[in-house]
Amino acid sequence: VVCREREVAFYHVPKCAGLSITDALLATGGCVRLWYMLSMSSQIVRDRMDRCHTTPSEVERFATRDRDADFRAIDVEGVQRRYRSFSSVRHPYTRVLASFDQRTTTELLGKPGVEDQLPGYDRFWPCEPPACRHAPHPTTFGAYLEWLDANLANGTLAWWHDPTITHFRPATMFTHWPDGSRAVTHVAKFERLEEDLRRIFPRLGLEVGVLPRENVKSSPRESRGRLCGPKHCDPCALLTQTRHTAATIRIVNRVYKRDFELLGYAMLDGEPQEVLSHCLRRGLNHSLSQAVLAPHEDTASAA
């Protein structure tokens, strides 16, 4: 989203309340949402990247390749270097859960009544050899993360070129330049979104109107619940109440290492399998103690 008069830009990190923030910005007036995809029919996969999730490094490429009225009006250098800007980010552990739900949804951009569609974004970005070298993606969370991790490592997937993994792109692609320096002026955290936006909007000359609420359309409770705060997550809840396993936690730690380091989020403390074992022992002990207490409580109640 670009607000030309105020010289403000918002970079939409997927699954971090971006659409709600966009609505709040558009309500202030003078802001334009840069939307839609590039050439859907192109045989070049990179030409079909989703431009509503443009990173600071990609603004110039999108503006020069897709010369519609909105992009023609953009001062690319100004947006990249002069405009004040912000993004919202989210703890990597919960963001990947929401990203997977988005990637494998059976709804077409949330529109009901569309029968011939998806799973995932395959309908939008059909990817077959030789354009795509990777194997078809799995449809379960753990297997999907293993597929993502392996194909990023062997070079058959790339964040910059493959549109079907847009929602998994690290948040630091939107908040930082490739050299690690900050690309945006402000960063809001999903876990304390309203508080952060009430602080950021006035600094950008934006009115604080109706601030976004959590978007719950595409994510089950486990991926949108309060498992994580602005820094730490509840390790036992994460490993026993969601689809996360010790293996997926290791993958997230590896793939999103830069997000943890630059955005102030904490990895689970300890080796994930040991953490899980501790949580299971603690849960068993709690269950046993409750079973022992129950007869005494019943007796006391009867008395």
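Summarised in this report is the structure supplied together with it. (Residues numbered from 1 in each chain as written. Predicted model: local features only at pLDDT ≥ 70, side-chain atom pairs only at ≥ 80, totals over all residues. Heavy atoms only, no water.)

This paragraph deals with the overall build of the chain. Counting its secondary structure elements, the chain contains 13 helices and 5 strands. Within the chain, buried positions represent 50% of all 303 residues. Contacts in the chain between residues far apart in sequence, at least 24 positions, make up 64% of those at least 6 positions apart. In the structure as shown, the chain presents an accessible area of about 15000 Å², 52% of it carried by carbon and sulfur atoms. (Helix = DSSP H or I, 4+ residues; strand = E, 2+ residues; numbered from the N terminus. Buried < 20%, exposed > 50% of the residue type's maximum accessible area, 1.4 Å probe, protein only. Contact = heavy atoms within 4.5 Å. Areas by Shrake-Rupley, 256 points an atom, 1.4 Å probe, with all protein chains shown as cover.)

This part takes up the state of the cysteines. Summed over all chains, the structure comprises 3 disulfides. At a sulfur-sulfur separation of 2.0 Å, the disulfide partner of C3 is C31. Here C3 and C31 share a disulfide; its torsion about the S-S bond, 100 degrees, makes the bridge right-handed. Taken together, the residues C3 in strand β1 (residues 2-3) and C31 in strand β3 (residues 31-32) connect sequence positions 28 residues apart. On the basis of relative accessibility, which here comes to 12%, the residue C31 falls in the buried class. Between the sulfur of C228 and that of C233 lies a disulfide, 1.8 Å long from S to S. Judged by the torsion about the S-S bond (95 degrees), the C228/C233 disulfide is right-handed. Here C228 matches C233 in class, with each residue buried. (Disulfide = S-S within 2.5 Å.)

Residue position: L152 is located in helix α6 (residues 141-154). Residues L152 and V255, spaced 103 residues apart in sequence, show a C-alpha to C-alpha distance of 8.8 Å. In contact with L152, not counting residues within four places along its chain, are L157, A158, W159, I165 and V255.

For the pair helix α5 (residues 92-103) and helix α11 (residues 246-255), interaxial distance at closest approach is 10 Å and the crossing angle is 105 degrees. Between α5 and α11, the angle falls in the class roughly perpendicular. Here P92, Y93 and V96 of α5 come into contact with α11, specifically with I249, V252 and N253. Here the contact of α5 with α11 is composed, by residue class, of 5 nonpolar, 1 polar and no charged. (Axes fitted to C-alpha atoms, helices over the stretch in contact; angles between N-to-C directions. Parallel < 35°, antiparallel > 145°, perpendicular 65-115°, else oblique. Nonpolar A, V, L, I, M, F, W, Y, C, P; charged D, E, K, R; others polar.)

Once the charged atoms of two side chains with opposite charge are near each other, the side chains can pair. Within this structure, the stated rule accounts for 9 salt bridges. For E7, the salt bridge is made with R82, and the minimal N-O distance between the two is 3.0 Å. Residue E7 is found in the loop between β1 and β2 (8-11), and its partner R82 is found in helix α4 (residues 76-82); the two are separated by 75 residues along the sequence. By relative accessible area, which is 28% here, E7 ends up partly exposed. Note on R82: relative accessible area 45%, which makes it partly exposed. Among the charged side chains, a salt-bridge network with shared partners connects R192, D196 and R199. (Salt bridge = Lys/Arg side-chain N within 4 Å of Asp/Glu carboxyl O.)

A large share of strand β4 (residues 84-89) lies buried, amounting to 5 of its 6 residues. Two elements, β2 and β4, share 4 bridges in a ladder whose sense is parallel. Note that in β4 the partner of F10 across the bridge is F86. As paired strands, β4 and strand β5 (residues 186-189) are joined by 4 bridges and run parallel to one another. Residue pairing in the sheet places S88 in a bridge with A188 of β5. (Pairing = 2+ DSSP bridges.)

Moving on, we come to the sheet that holds β4. The 5 strands are arranged β3-β1-β2-β4-β5 in an open sheet whose pairing can be described as mixed. Pairing within the sheet leaves two strands with one partner each, and these edge strands are β3 and β5. As defined by bridge partners, β1 adjoins β3 across 2 bridges and the pair is classed as antiparallel. Across the sheet, C3 pairs through a bridge with C31, a residue of β3. Set on the sheet, helix α8 (residues 193-203) makes contact with β4 and β5; between it and β5 the angle comes to about 160 degrees.

We now examine the nonpolar core. Residues Y93, L148, W159, F168 and Y256 are the most contacted members of the largest nonpolar core, which totals 50 residues. For this core, the element with the highest residue contribution is α6, accounting for 5 residues. Y93 has contacts with C233, L238, H244, I249, V252, N253, F260, A266, M267 and L268, leaving out every residue within four places of it along the chain. The next biggest cluster of nonpolar side chains, apart from the first, holds 17 residues, and it includes V8, A17, A188 and L197. (Core = buried A, V, L, I, M, F, W, Y, C linked by side-chain atoms within 4.5 Å.)

Our next topic: the environment of L19. Within the secondary structure, L19 is located in helix α1 (residues 18-28). C-alpha separation for the pair L19 and C52, spaced 33 residues apart in sequence, amounts to 9.9 Å.

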